[in-house]
Amino acid sequence: MLGEKLQEWQKSIESGGKGLFVFFVWTFIGTVVGLVVGTVGIVFHMTLDWAAKFRTAHPVVIYVLPIAGLLIILLYHLLHMEKDKGTNFILSAVRSNEAITLRTTPLIFISTVITHLFGGSAGREGAALQIGGSIASAMGREAKMNEKDERIITMCGMSAGFSALFGTPVAAVIFSMEVITVGVMHYSALVPCIVSSLVASGLAGKFGIAPTAFTLMDVPEMQLRTAWLVGILGALCAAVSVLFCLTMETVGFCYKRYFKNPYLRVFAGGCIVVILTVILGTKDYNGAGMDVITRAIGGEVKPEAFLLKIIMTALTLGAGFKGGEIVPTLFVGSTFGCFMGTVLGLPPSFSAGLGMAALFCGVSNCPMASLVLCLELFGMNGIGYFALICAVSYMLSGYYGLYTEQKIMYSKIQPKFINRNVH
């Protein structure tokens, strides 16, 4: 079997032999994972695009959101996945090598599409991580890989899923390797992860799915005064990232406390989202919100937009609807950055980009992935400022995070081993 042969070659590499064979085997595995997960990711991307267009053309569908939520809970019940923990389970599974059932793929695929179709406030990249991780994990089990190799192939799937959907292949790799255990990266996964990510991204490009990218306007030259202002913005973004994490946690706790029945919980949550949408008189906070991010990059923003997106996302995901947290994070970051950067005297488009970087870093605790994401989204212009704001946000956001199964191995303020979960 492939898994057994791979183990033999890996043992031989210890004595200096057959290292090239291991390289070729993992390159082949990464390619296969990239093709399989990339294909599913492309279908997922196209389906979500259709759902967003349909919702925009038929805004009345939002009134069906509470009933759609009941369907999601029923699907998870029928497939015995009531205790599914979403992206948290993928992180835990990679670290402890728990088996990830392939049922995760159709469930999160269909449930995320339902959430987006009927106006729930959620992202998609978290769902892509689950889809990619579950498919690749199943492939590893079929190949009879050992537990260490299963972890690597699961990270390959996560990278491919993220890359196919968002079009940032290098950030997808670094994020998949960094998010699980901050401070310890399994570099043995680097080759297969980058291969799977590039294959998935390239495949998506062949189907006309353009990578996500933005052009920032008025990026200033490196100056001490501007650097101080960027540092201040980073500290404020760190506070907002903590607020985001606490809101998600608190709303989820309140839902479970006051609505113990999951069907009642998701129905109530859907009703609340519908009522708030009607009160606000805008659909800006339904779906992922990429159009609002684009407007923020262009310098157009409502001061309260970041706070409303936090609330709507927490109300949606906390109730039991499915999706991801990454695009809502970028929404919050871009709108808060644009608004607060203007207050500080920074160019609005530039500060919107800074806010996206800082919020993503603050809620994910992944500074390296955040910096690479900036390079792929915005290019090299202003990279010193992006490095600064990611560093500030990472340090000042404390040990909060969107993924409670994430472990931080080393202290953020001193060279000390801590090995603690985020909260």
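Preceding this section is the structure that the text describes.
Caption draft 1: Seen up close, the overall build of the protein chain. What the protein chain contains, in helices and strands, is 17 helices and 3 strands. For 423 residues, the compact-globule estimate of 2.2 N^0.38 gives 22 Å, and the protein chain sits close to it at 21 Å. Summarising its shape, the C-alpha atoms of the protein chain cover approximately 65 × 55 × 45 Å along the three principal directions. Taking contacts inside the protein chain between residues at least 6 apart in sequence as the whole, the part at least 24 apart equals 77%. As presented, the protein chain carries roughly 17100 Å² of accessible surface, and 67% of it is formed by carbon and sulfur atoms. Across the protein chain, 29 positive and 23 negative side-chain charges occur, with their mean positions spaced 6 Å apart.

Caption draft 2: Highlighting the packing of aromatic side chains. With the rule as written, the count across this model stands at 14 aromatic pairs. Between Phe378 and Phe386, the ring centres sit 5.3 Å apart and the planes meet at 20 degrees, which makes this aromatic pair stacked. According to the relative accessible area criterion, Phe378 is buried, its value standing at 11%. If you follow Lys309 out to its NZ or CZ, it ends over the ring of Phe331, 5.0 Å from the centre. In this structure, Lys412 is placed above the aromatic ring of Tyr394, and the distance from its NZ or CZ to the ring centre is 4.3 Å.

Caption draft 3: Inspection of the nonpolar core at higher detail. Formed by 132 residues in total, the largest nonpolar core has its most connected members in Phe175, Leu233, Leu354 and Phe378. Counting residues per element, this core draws most heavily on helix 10 (residues 224–258), at 11 residues. Ignoring anything within four residues of it in the chain, the contact list for Leu233 reads Phe336, Gly337, Met340, Gly341, Leu344, Leu346, Ser351, Leu354 and Ile389.

Caption draft 4: Helix 17 (residues 383–396), seen in detail. The terminal C-alpha atoms of helix 17 lie 20 Å apart, and with 14 residues this matches the ideal 20 Å at 1.5 Å per residue to within 8%. All buried positions along helix 17 are accounted for by Tyr385, Phe386, Ile389, Cys390, Val392, Ser393 and Tyr394. Downstream of helix 17 by one or two residues, Gly398 has phi in the positive range, about 65 degrees.

Caption draft 5: Structural view of the sheet that holds strand 1 (residues 181–182). Here 3 strands make up an open sheet; going across it, the order is 1-2-3 and the pairing mixed. Both outer strands of the open sheet, strand 1 and strand 3 (417–421), are each paired with one neighbouring strand and no more.

Caption draft 6: Region of the structure containing a nonpolar patch on the surface. Residues Leu20, Phe23, Phe24 and Val191 make up a contiguous nonpolar surface patch of about 380 Å² in total accessible area. Looking at which element gives the most residues to the nonpolar patch, the answer is helix 2 (residues 19–57), with 3 residues. Positionally, Val191 belongs in helix 9 (residues 190–206).

Caption draft 7: Focus on helix 3 (residues 65–78). Over its 14 residues, helix 3 runs 20 Å from end to end, which matches the ideal 20 Å to within 8%, given 1.5 Å per residue. Where helix 3 is buried, its residues touch helix 5 (104–117) and helix 11 (262–280). Residue His80 follows helix 3 closely and has a positive phi angle near 55 degrees.

Caption draft 8: Quick peek at the side chain of Ser241. By the element assignment, Ser241 lies in helix 10. For Ser241, a relative accessible area of 0% gives the class buried. Side-chain polar atoms of Ser241 contact the backbone oxygen of Ala238, separated by 2.6 Å. Those residues in contact with Ser241 that lie beyond four places of it in its chain are Leu359, Gly362, Val363 and Ser397.

About the cut-offs
Residues numbered from 1 in each chain as written. Predicted model: local features only at pLDDT ≥ 70, side-chain atom pairs only at ≥ 80, totals over all residues. Heavy atoms only, no water. Helix = DSSP H or I, 4+ residues; strand = E, 2+ residues; numbered from the N terminus. Rg over C-alpha atoms; globule rule 2.2 N^0.38 Å. Contact = heavy atoms within 4.5 Å. Areas by Shrake-Rupley, 256 points an atom, 1.4 Å probe, with all protein chains shown as cover. Lys, Arg positive; Asp, Glu negative; His and termini not counted. Charge placed at Lys NZ, Arg CZ, Asp CG, Glu CD. Phe/Tyr/Trp six-rings, centres within 6.5 Å; stacked < 30°, edge-to-face > 60°. Buried < 20%, exposed > 50% of the residue type's maximum accessible area, 1.4 Å probe, protein only. Lys NZ or Arg CZ within 6 Å of the ring centre and 35° of its normal. Core = buried A, V, L, I, M, F, W, Y, C linked by side-chain atoms within 4.5 Å. Expected span 1.5 Å × (residues − 1). Pairing = 2+ DSSP bridges. Patch = residues over 30% accessible without salt bridge, like charges linked within 9 Å, V, L, I, M, F, W, Y side chains within 5 Å. Salt bridge = Lys/Arg side-chain N within 4 Å of Asp/Glu carboxyl O. Polar contact = N/O pair within 3.5 Å; in protein donor to acceptor, adjacent residues only side chain to side chain.

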